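Chain and residue survey
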Amino acid sequence: MNIIRTSVIAAAAITIVGCGSDSDHPSNPTTQVRVTHASSDAPLVNVKANGAILSGLSNVDYQQGSGLITVDSGTYDLAVDAIGADDSTSEVLSAPGTNLAPDMQYDIFAVNNTASLQAVVLSRSGIKPDGTPYV
């Protein structure tokens, strides 16, 4: 009887330890971002995160955008550089210290005329109520 009780307790302990496992949560939590150029009079732009072009978002034209881009969650210095006729660039929009939380989806729109360009950020949970991710 003691052997059965010990076995049941050991099995329960293993199950509880297994439930605390982080195998379903990667060590680097991620988030998703979608970017859209919505400024009708702005030239082609480069979208940057921490000084580097974000996931191939260079020479983005009006009404163009990305699909959902998966990035590590964390704090980013986001910027948009306008591309001039001579291929020179100048920063026209800056959002330093932007926090991208884990398991979220962000839609970032560059809106208004070039003279008053601003970013509009919409966010929602990246997880459906049933616990599955939005895709």
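A short tour of the structure in this document, coming up.

Reading the values: the criteria
Residues numbered from 1 in each chain as written. Predicted model: local features only at pLDDT ≥ 70, side-chain atom pairs only at ≥ 80, totals over all residues. Heavy atoms only, no water. Salt bridge = Lys/Arg side-chain N within 4 Å of Asp/Glu carboxyl O. Helix = DSSP H or I, 4+ residues; strand = E, 2+ residues; numbered from the N terminus. Buried < 20%, exposed > 50% of the residue type's maximum accessible area, 1.4 Å probe, protein only. Pairing = 2+ DSSP bridges. Axes fitted to C-alpha atoms, helices over the stretch in contact; angles between N-to-C directions. Polar contact = N/O pair within 3.5 Å; in protein donor to acceptor, adjacent residues only side chain to side chain. Contact = heavy atoms within 4.5 Å.

A few words on the pattern of salt bridges. Scanning the model with the defined rule gives two salt bridges in all. Between R34 and D107 there is a salt bridge, with its nearest N and O atoms 2.5 Å apart. Of the two residues, R34 is situated in strand β1 (residues 30–38) and D107 in strand β7 (residues 104–111); the sequence distance between them amounts to 73 residues. According to the relative accessible area criterion, R34 is partly exposed, its value standing at 28%. Taking the relative accessible area as the measure of exposure, D107 reaches 18% and is therefore buried. Note that K48 and D81 form a salt bridge whose closest N and O atoms lie 2.9 Å from each other. With K48 in strand β2 (residues 45–49) and D81 in strand β5 (residues 74–83), this pair connects stretches of sequence that are 33 residues apart. A relative accessible area of 21% places K48 in the partly exposed class.

Taken residue by residue, a regular strand's side chains alternate between the two faces of the sheet. The element β2 is extensively covered by neighbouring structure, given that four of its five residues are classed as buried. Sheet topology places β2 next to β5; five bridges connect them, and they run antiparallel. Looking across to β5, one finds that V45 is bridged to A82. Between β2 and strand β3 (residues 52–53), which pair antiparallel in sequence order, lie two residues; one of them, N50, sits at a positive phi of approximately 55 degrees.

On to the sheet that holds β5. Spatially, four strands are ordered β3-β2-β5-β6 in an open sheet, and the strand pairing comes out antiparallel. Only two strands of the sheet have a single partner each, and these edge strands are β3 and β6 (89–100). Examined bridge by bridge, β5 and β6 share nine bridges and lie antiparallel to one another. If you follow L78 over to β6, its bridge partner there is A95.

Another aspect to go through is the sheet that holds strand β8 (residues 118–125). The sheet built from four strands is open, its strands ordered β4-β1-β7-β8 with mixed pairing. Two strands close off the open sheet at either side, each with one partner strand: β4 (69–72) and β8. Across the sheet, the mean angle from the axis of one strand to that of its neighbour is 30 degrees, orientation sign disregarded. Both β1 and β7 contribute to a ladder of seven bridges, which runs parallel. Of the residues in β7, the one forming a bridge with A38 is V111.

Moving on, we come to the side chain of S39. Within the element layout of this structure, S39 appears in the loop between β1 and β2. The exposure class assigned to S39 is buried, which follows from its relative accessible area of 1%. In terms of polar contacts, S39 uses its side chain to reach the backbone carbonyl oxygen of N112, at 2.5 Å. Once residues lying within four places of it in the same chain are set aside, the contact partners of S39 are Y62, A110, N112, N113, T114 and L117.

This part takes up the pairing of β7. The buried count for β7 comes to six of eight residues, which makes it a mostly enclosed element. Direction of pairing for β7 relative to β8: antiparallel, over a ladder of eight bridges. Note on β8: the bridge partner recorded for D107 is L122. The hairpin formed by β7 and β8 contains six residues between the paired strands, and N112 there has a positive phi angle of roughly 80 degrees.

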